Amino acid sequence: MNLSMDDGAGFQIDAFDTSPYVMMPYNPPEYPEYMAALGYGKVKDLYAWLFRTDNEGFGRLERLAERLMRSHKINFSLRQADMKQFPREVTLLKAIYNEAWEQNWGFVKLTDGEINYLANDLKMILDPRIALFIEVDGEVAGLALALPNVNQVFKQMPGGRLFPLGIFKLLQRKRYINEARLAILGVLPKFRMKGLELILIKAIADSGKAAGYFQGECSWVLEDNDAMNKGIMAAGAELYKTYRIYQKSLKDKA
């Protein structure tokens with residue numbers, strides 16, 4: 001683990017023939033064996049789900065979401081992130097993130113400094129077409145944020161170097177990137193269980209497809225986050241990669 005769960009966590013324990021998506025860790029296959037040999041055991045698994053934007057499961061998902069919203073009489077609207085109002089959007093992201101994930105295992109609230117630092121980094125790669133807010137009666141209720149998989153560009157850089165030739169690959173990144181990682185999808189507690197999560201999943205898939213992304217990873221999701229995992233599975237996604245967090249008890253040295 002890094003300083004918090006927001007900075008990347010877990011040892012990859014399978015799917016070593018696949019490349020990591022943006023901001024996700026990677027390790028050689030023997031690392032989990034080293035942890036076991038040192039007496040560490042599993043404490044939590046984190047799931048990565050693989051989407052294809054042409055998946056027929058999204059149609060079922062939309063119908064289910066519509067039934068739920070009709071039963072709850074939900075009046076919603078979707079909008080893209082407004083890059084001209086970037087500070088405002090970052091403030092909304094922070095408020096939603098800190099409230100929607102508050103009860104998650106291992107969660108630590110983001111400070112203003114942390115969210116501003118992260119936002120400034122992500123602004124360079126952010127595609128507003130796959131950064132969506134959902135509103136209910138004019139009030140922001142949740143968001144879905146996908147990131148273009150810039151790792152696809154980095155793999156094309158000669159020797160992995162940015163300069164002198166790699167910078168051209170980065171500037172022409174649109175030619176190389178056709179994958180995205182759904183990094184954040186959350187709904188505020190008072191709006192949950194009304195179908196908004198399903199609508200966000202369907203909307204981000206539609207927006208991604210229209211923007212030229214054919215495939216995406218939803219990561220990571222706690223193994224015991226049943227509501228989110230069931231929703232993702234209903235969309236036809238494939239559970240294809242797992243990250244594991246280990247721990248062991250330390251004996252008193254008294």
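Rules of the game
Residues numbered from 1 in each chain as written. Predicted model: local features only at pLDDT ≥ 70, side-chain atom pairs only at ≥ 80, totals over all residues. Heavy atoms only, no water. Axes fitted to C-alpha atoms, helices over the stretch in contact; angles between N-to-C directions. Helix = DSSP H or I, 4+ residues; strand = E, 2+ residues; numbered from the N terminus. Left-handed = near helix turned anticlockwise from the far one by under 90°. Contact = heavy atoms within 4.5 Å. Nonpolar A, V, L, I, M, F, W, Y, C, P; charged D, E, K, R; others polar. Pairing = 2+ DSSP bridges. Expected span 1.5 Å × (residues − 1). Buried < 20%, exposed > 50% of the residue type's maximum accessible area, 1.4 Å probe, protein only. Patch = residues over 30% accessible without salt bridge, like charges linked within 9 Å, V, L, I, M, F, W, Y side chains within 5 Å. Areas by Shrake-Rupley, 256 points an atom, 1.4 Å probe, with all protein chains shown as cover. Salt bridge = Lys/Arg side-chain N within 4 Å of Asp/Glu carboxyl O. Lys, Arg positive; Asp, Glu negative; His and termini not counted. Charge placed at Lys NZ, Arg CZ, Asp CG, Glu CD. Core = buried A, V, L, I, M, F, W, Y, C linked by side-chain atoms within 4.5 Å.

Regarding the packing of helix α2 (residues 57-72) against helix α7 (residues 196-210)
At their nearest, the axes of α2 and α7 sit 8 Å apart, and the two run at 145° to each other. In the crossing of α2 with α7, the sense of the turn from one axis to the other is left-handed. The segment α2 lies against α7, with Phe-58, Leu-61, Glu-62, Leu-64, Ala-65, Leu-68 and Met-69 engaging Leu-196, Leu-198, Ile-199, Ile-201, Lys-202 and Ala-205. Each residue belonging to the contact of α2 with α7 can be placed in one class, and the counts come to 11 nonpolar, no polar and two charged.

Focus on the sheet that holds strand β8 (residues 238-247)
Pairing in this open sheet of eight strands is mixed, and the strands run β1-β8-β2-β7-β6-β5-β4-β3 from one edge to the other. With partners counted over all chains shown, the strands left at the sheet margins are β1 (11-12) and β3 (76-80), one partner each. One ladder, built from two bridges, connects β1 with β8; its direction is antiparallel. In the strand pairing of β8, Phe-11 is matched with Arg-244.

Remarks on helix α3 (residues 86-100)
Between its terminal C-alpha atoms α3 stretches 21 Å, which fits the 21 Å expected from 15 residues at 1.5 Å a residue. Within the sequence span of α3, burial applies to Phe-86, Glu-89, Val-90, Leu-93, Ile-96, Tyr-97, Asn-98 and Ala-100. For α3, the secondary structure elements touched by its buried residues are β3, α4 (112-122), β4 (131-136), β5 (139-148) and β6 (179-187).

Focus: the pairing of β4
Residues in a regular strand point their side chains to alternate faces of the sheet. A large share of β4 lies buried, amounting to six of its six residues. Of the two faces of β4, the one lined by Ala-131, Phe-133 and Glu-135 and the one lined by Leu-132, Ile-134 and Val-136 are each fully buried. Joining the antiparallel neighbours β4 and β5 is a turn of two residues, in which Asp-137 adopts a positive phi near 50°.

Side note on the pairing of strand β7 (residues 215-222)
With seven of eight residues buried, β7 is to be regarded as a mostly interior element. Bridge analysis of strand β2 (residues 41-52) against β7 gives seven bridges, and the strand direction is antiparallel. Bridge pairing in β7 places Phe-51 opposite Gly-216. By the bridge criterion, four bridges tie β6 to β7 in an arrangement that is parallel.

Remarks on a positive patch on the surface
On the surface, Arg-60, Arg-63, Arg-67 and Arg-70 cluster together to form a positively charged patch. Here Arg-70 is to be found in helix α2.

As for the nonpolar core
As a rule of thumb, soluble globular proteins bury nonpolar side chains together. Counting residues in hydrophobic clusters, the biggest one holds 64 residues, and the most contacted among them are Phe-51, Leu-145, Leu-196, Ile-201 and Ile-232. Setting aside chain neighbours within four positions, we find Phe-51 in contact with Phe-58, Ile-201, Phe-214, Gln-215, Gly-216, Cys-218, Ile-232, Ala-235 and Ala-237. Among the nonpolar cores identified, the runner-up in size contains 11 residues, and Leu-46, Ala-48, Tyr-243 and Ile-245 belong to it.

With respect to unusual backbone geometry
For the peptide bond that leads from Ser-219 to Trp-220, omega is -10°, which places it in the cis range. Considering the arrangement of structural elements, one finds Trp-220 in strand β7. Phi angles above zero are rare outside glycine, and Ala-15 is one such case at about 55°. By secondary structure assignment, the location of Ala-15 is in the loop between β1 and α1 (31-37). Given a relative accessible area of 17%, Ala-15 falls into the buried group.

It is worth stressing that arrangement in space is one thing and function is another; only the former is reported here.
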